[in-house]
Amino acid sequence: MQPRNSRLNSSALRGAVDLAAVKAAGEAAQKAEQARAERARQAAAAESAGTAPAQAAYQLVIDVTEDTFETEVVQRSTEVPVVIDFWAEWCGPCKQLSPVLEGLAEEYAGRFVLAKIDVDANPMLSQQFGIQGIPAVMAVVAGQLVPLFQGAESAANVRKILDQLILVAEQRFGVAGGAVAPGEAAAPAAPQRPEDPALSAAHDALDAGDLGGAIQAYRNVLADQPGNTEAKLGLAQAELLKRVEGLDLQAVRAAAAADPKDVGAQLRAADLDLVGGHVEDAFGRLVSTVGRTAGEDRDTARLRLLELFEVIGPEDPRVVAARTALARVLF
């Protein structure tokens, strides 16, 4: 079974960075708004006709198969963040983590939905998501894949990760969960803000591969709006793509392996790691470089790491973890 939603493409399932994520997030948020507006319209029409049925709360924990993935995960993710628990009956750590996730799903009362996928019964889904070990936990928000963590975690740590996920879902994608009590009408959708033409032009240049034009367009937006998060993310992505143009992957990796103290080689390798979807490897390489260098070299590696954080987004759990690791080697 192949997930049909265009946002869940093969590169995303391998964990690769979607370098058009700025525009994709905007499109996903717009679709989520449209879905909520349509539900609100239908509820209002039914109420006017005197036929409005009682609305059931979200089912907080669901078992998902390859046949139900599209409906239960992809489509549902336009309404509420869907957290996916990859597990198996024989997995000891899964038996520790699953009750934690299920308990938190009840505690959060509809701010996210927990989808449980048995990897033995659904091998194609496991393969498409690139699952290397279980338990593994990911999320889908407005059709966008958000990796969370692998292995058993305490309830306290999982709660922090979920809080970050919910914040990202609300602020970046406009997806806010929340169980609907029986008889409670769906909230009307908030009016959508028109997109800034200058920002739209920058996104279009990035999508078209005009990296120089995209970089300049994003800089123009930031000159007028220094705090524009979307423009900062787009600029970081465009600059990353520009840096890796023409690089030979094998040569760069060989140079980085031959001399761990060569800061330039480590920067180039980290850039290619990130473009290839190896986010943790890129962050880990630069944290190690910061740890083994001093002075100008250390500052160069640190600043590049901060630039790569911008590419992924500050709320991403992998960025949060890398910031903690960076603080340890700095202080």
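Presented here is a report on the structure given in the accompanying data block. Here the structure is a predicted model, which means the values were calculated and not measured.

Regarding the packing of aromatic side chains
Here comes step 1: With the rule as written, the count across this model stands at four aromatic pairs.
Here comes step 2: Aromatic side chains Tyr108 and Phe112 sit 5.7 Å apart centroid to centroid with 65° between the ring planes, which places their arrangement in the edge-to-face category.
Here comes step 3: A residue is classified by how much of its surface remains accessible, and Tyr108, at 6% relative accessible area, is buried.
Here comes step 4: By relative accessible area, Phe112 is classed as buried at 0%.
Here comes step 5: With 5.0 Å between their ring centres and 85° between their planes, Phe283 and Phe309 make a pair best called edge-to-face. Here Phe283 is found in helix 12 (residues 279-292), whereas its partner Phe309 is found in helix 13 (residues 295-312), with 26 residues between them in sequence. Of the two residues examined, Phe283 and Phe309, each falls in the buried class.
Here comes step 6: Three or more aromatic residues joined by ring pairs make a cluster, and in this case those are Phe69, Phe86 and Phe129.

Quick word on helix 12
A turn of α-helix holds 3.6 residues, and therefore any two residues three or four places apart point the same way.
Here comes step 1: Spanning 14 residues, helix 12 covers 20 Å between terminal C-alpha atoms, matching the ideal 20 Å at 1.5 Å per step.
Here comes step 2: Listing the buried residues of helix 12 in full gives Val279, Ala282, Phe283, Leu286, Val287, Thr289 and Val290. Looking down the long axis of helix 12, one finds its buried residues gathered within 160° of arc, a one-sided arrangement.
Here comes step 3: Looking at the buried side of helix 12, the elements it contacts are helix 11 (263-275), helix 13 and helix 14 (317-330).

Let's talk about the state of the cysteines
Here comes step 1: In total, this model carries one disulfide according to the counting rule given.
Here comes step 2: Between Cys91 and Cys94 runs a disulfide, and the two sulfur atoms are separated by 2.4 Å. Between Cys91 and Cys94, the disulfide has an S-S torsion of 80° and is therefore right-handed.
Here comes step 3: Judged by its relative accessible area of 2%, Cys91 is buried.
Here comes step 4: The class for Cys94 is buried, based on a relative accessible area of 2%.

Regarding helix 6 (residues 155-173)
Here comes step 1: Between the first and last C-alpha of helix 6 there are 26 Å, a value that for 19 residues agrees with the 27 Å anticipated at 1.5 Å per step.
Here comes step 2: Where helix 6 is concerned, the buried positions are Val158, Ile161, Leu162, Leu165, Ile166, Val168, Ala169 and Phe173. Here the buried residues of helix 6 occupy an arc of 160° about the axis, which is enough to place them on one side. Of the residues in helix 6, the exposed ones pointing more than 90 degrees away from the buried face are Lys160 and Gln171.

Digging into the environment of Leu125
Here comes step 1: For Leu125, the position within the fold is in helix 5 (residues 123-128).
Here comes step 2: Put simply, Leu125 and Phe69 are 56 residues apart on the chain and 8.7 Å apart in space, counted from C-alpha to C-alpha.

With respect to the pattern of salt bridges
Working definition: two side chains of opposite charge can pair if their charged atoms are close together.
Here comes step 1: Across all of its chains, the model carries 14 salt bridges by this definition.
Here comes step 2: Lys116 is paired through a salt bridge with Glu102; the nearest N and O atoms lie 3.3 Å apart. Separated by 14 residues along the polypeptide, Lys116 in strand 3 (residues 113-118) and Glu102 in helix 4 (residues 92-108) bring together distant segments of the chain.
Here comes step 3: Its relative accessible area of 29% is what places Glu102 among the partly exposed residues.

Describing the packing of helix 12 against helix 14
Each pair of packed helices gets described by two things: the angle between the helix axes and the distance between those axes.
Here comes step 1: Two elements in contact, helix 12 and helix 14, have axes whose closest approach is 9 Å; the angle formed by their N-to-C orientations is 10°. The angle between helix 12 and helix 14 falls in the class roughly parallel. Facing helix 12, whose interface residues are Val279, Glu280, Phe283, Val287, Val290 and Gly291, helix 14 presents Arg318, Val319, Ala322, Ala325, Leu326, Val329 and Leu330.
Here comes step 2: Residues belonging to the contact of helix 12 with helix 14 are distributed by class as follows: 10 nonpolar, one polar and two charged.

Rules behind the numbers
- Residues numbered from 1 in each chain as written.
- Predicted model: local features only at pLDDT ≥ 70, side-chain atom pairs only at ≥ 80, totals over all residues.
- Heavy atoms only, no water.
- Phe/Tyr/Trp six-rings, centres within 6.5 Å; stacked < 30°, edge-to-face > 60°.
- Buried < 20%, exposed > 50% of the residue type's maximum accessible area, 1.4 Å probe, protein only.
- Helix = DSSP H or I, 4+ residues; strand = E, 2+ residues; numbered from the N terminus.
- Expected span 1.5 Å × (residues − 1).
- Arc of directions from axis to C-beta.
- Contact = heavy atoms within 4.5 Å.
- Disulfide = S-S within 2.5 Å.
- Salt bridge = Lys/Arg side-chain N within 4 Å of Asp/Glu carboxyl O.
- Axes fitted to C-alpha atoms, helices over the stretch in contact; angles between N-to-C directions.
- Parallel < 35°, antiparallel > 145°, perpendicular 65-115°, else oblique.
- Nonpolar A, V, L, I, M, F, W, Y, C, P; charged D, E, K, R; others polar.

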